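Structure assessment
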Amino acid sequence: AQSVTQLGSHVSVSEGALVLLRCNYSSSVPPYLFWYVQYPNQGLQLLLKYTTGATLVKGINGFEAEFKKSETSFHLTKPSAHMSDAAEYFCAVSGNTGRRALTFGSGTRLQVQP
Amino acid sequence: NAGVMQNPRHLVRRRGQEARLRCSPMKGHSHVYWYRQLPEEGLKFMVYLQKENIIDESGMPKERFSAEFPKEGPSILRIQQVVRGDSAAYFCASSTGQTNEKLFFGSGTQLSVL
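So, here's what we can say about the structure. As the structure is a prediction and not an experimental result, all values here were calculated from the model. Each chain has its residues counted from 1, following the order in which its sequence is written. The order in which chains are written sets their letters, starting at A; the order in which ligands are written sets their numbers, starting at 1. Local features in a predicted model are, by the rule used here, given only for residues with pLDDT of at least 70; side-chain atom pairs are given and counted only at 80 or more, and totals for whole chains, interfaces and linings are based on all residues. Hydrogens and water are ignored here; the side-chain numbers use all heavy atoms of the structure.

Details of the environment of Arg-64 of chain B
All names here are of chain B. Keep this limit in mind: Secondary structure counts use DSSP, requiring at least four H or I residues in a row for a helix and at least two E residues in a row for a strand, with both numbered from the N terminus. Only protein chains enter the calculation, and the probe is 1.4 Å; a residue is then buried if its accessible area is under 20% of its type maximum, exposed if over 50%, and partly exposed in between. Contacts: residue pairs with any heavy atoms within 4.5 Å of one another. Polar contact criterion, stated in full: a pair of N or O atoms within 3.5 Å, where within protein one must be able to donate a hydrogen and the other to accept it, and residues adjacent in sequence count only if both atoms are side-chain atoms.
Structurally, Arg-64 can be placed in the loop between β6 (53-56) and β7 (65-68). Arg-64 sits in the partly exposed class, given a relative accessible area of 25%. Spatially, the C-alpha atom of Arg-64 lies 7.9 Å from that of Arg-78, the residues being 14 residues apart in sequence. Those residues in contact with Arg-64, other than ones at most four positions away along the chain, are Arg-78, Ile-79, Gln-80, Gln-81, Val-82, Val-83 and Asp-86. Separated by 3.2 Å, the side chain of Arg-64 and the backbone oxygen of Gln-81 make a polar contact.

Structure (C-alpha cells):
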C-alpha cells in the first residue's frame, strides 16, 4: 500500500524567494517518486522523477527534489520563485513492481507574490 | 506528434443521463490510465487499461462506471445514471507501458452534473 502526504495545501512566497513544497510518502516497496505541476484548466506535466541512483533529482524550470529514505520525504525546491511558477503541484508515488498506477497527494497550490 | 487528446473538454449532463468521456493516447502508446480529480483534491486512480484488456480497476466505483480500450479507437470512460457527486475533472494519461515510465496527461474532461 502506498500513500502521499503533502503538508500545506497553500503556500505563498515572494518573487525571488526560495520555494519549498513538502512531500512525505509511505510505501511497502522501494518507491518511485514524482512531482507534477498543473496549470489552470490543463493536465499535469511532469517536473521530475526519482527512480534509482542519485537522490538529488533535477527537473525542468529550475526545480529539484531530494529523496531522503530515512525521512520518507521527497521535498520540492527552487532557489528563486518566478511569477510563472504559480500553479498546483502534486507529489506522487508508485512501486517499482506490480501496480503501476500513481498515487497522488492532495496537492499544494503555490502563489507567488510580486 | 499530438499529445494525449481528451474530448469533450467540458460535458454537462442532467442527473440520470449517461456520460461518455474519450481519450486518445499518444501515438505509440498502448497503455491508458484514468484519474478523477474532485475539487480541492488530488487525482485519484480509477482504472488502468491496455488494448482490449483491463489491467487494474481497483479505483473504479463498483456500480455505474465502466471503461474500455478497444483494439481500434479511443479509450472510453462511461458513467451511467450520473449523479451530482460525479461532477469532477477526469484525466487520462498514457504510456508505452514500461515500468514507471513517464505518463503523459491529457487536458481533462470537466463533467458537470446538473
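As for the nonpolar core
Basically, it comes down to this: Residues grouped as a nonpolar core are buried Ala, Val, Leu, Ile, Met, Phe, Trp, Tyr and Cys residues, joined through side-chain atoms within 4.5 Å.
Membership of the largest hydrophobic core comes to 27 residues, with the highest contact counts inside it found for Trp-35, Leu-48, Leu-76 and Tyr-89 of chain A. Mapped onto this core, the elements with two or more residues apiece are β2 (10-14), β3 (19-21), β5 (31-38), β6 (44-50), β8 (64-68), β9 (73-78), β10 (87-95) and β12 (108-113) of chain A. Broken down by element, this core gets its largest block of residues, four residues, from β10 of chain A. Those residues in contact with Tyr-89 of chain A that sit more than four places away from it in its chain are Gln-6, Leu-21, Trp-35, Tyr-36, Val-37, Leu-47, Phe-63, Leu-76, Gly-107, Thr-108 and Leu-110 of chain A. Counting 23 residues, the second largest nonpolar core, distinct from the first, contains Leu-21, Met-46, Val-47 and Leu-49 of chain B.

Focus on the pattern of salt bridges
Note that side chains of opposite charge can pair when their charged atoms are close. Residues and elements named next belong to chain B. This is how the line gets drawn: Within this document, salt bridges are pairs made up of a side-chain nitrogen of Lys or Arg and a carboxyl oxygen of Asp or Glu, the two lying within 4 Å of each other.
This structure, assessed with the given rule, holds six salt bridges over all chains. With its nearest N and O atoms 2.9 Å apart, the salt bridge here joins Arg-78 to Glu-18. Of this pair, Arg-78 sits in strand β8 (residues 75-79) while Glu-18 is found in the loop between β2 (10-13) and β3 (19-24), placing the two residues 60 residues apart along the sequence. For Asp-86, the salt bridge goes to Arg-64, with nearest N and O atoms at 2.7 Å. One end of the pair, Asp-86, is in the loop between β8 and β9 (88-95); the other, Arg-64, is in the loop between β6 and β7, and 22 residues separate them in sequence. We classify Asp-86 as buried; its relative accessible area is 3%.

Thoughts on the pairing of β7 of chain B
All names here are of chain B. Defined as follows: Pairing between two strands requires that DSSP report at least two bridges joining them.
Of the two faces of β7, the one lined by Phe-65 and Ala-67 is fully buried and the one lined by Ser-66 and Glu-68 carries no buried residue. Two elements, β7 and β8, share four bridges in a ladder whose sense is antiparallel. The partner of Ser-66 across the bridge, within β8, is Arg-78. In this antiparallel pair of consecutive strands, β7 and β8, the connection spans six residues, and Gly-73 shows a positive phi of 100 degrees.

Some words on the interface of chain A and chain B
The test is simple: Throughout, buried area stands for the accessible area (probe radius 1.4 Å) lost by two parts on being put together, summed over both. Residues are grouped as follows: Ala, Val, Leu, Ile, Met, Phe, Trp, Tyr, Cys and Pro are nonpolar; Asp, Glu, Lys and Arg are charged; all remaining types, including Gly, are polar.
On the side of chain B, 23 residues touch chain A, which itself brings 21 residues to the contact. Between chain A and chain B lies a buried interface of about 1800 Å² when both sides are counted; carbon and sulfur atoms form 50% of it. Applying the counting rule to chain A against chain B returns zero salt bridges. Linking chain A to chain B there are two residue pairs in polar contact (both at pLDDT 80 or more). Those elements that place two or more of their residues in the side of chain A that touches chain B are β5, β6 and β10 of chain A. Looking at the side of chain A that touches chain B, its residues break down into nine nonpolar, nine polar and three charged.

By themselves, these are just geometric observations and shouldn't be taken as functional.
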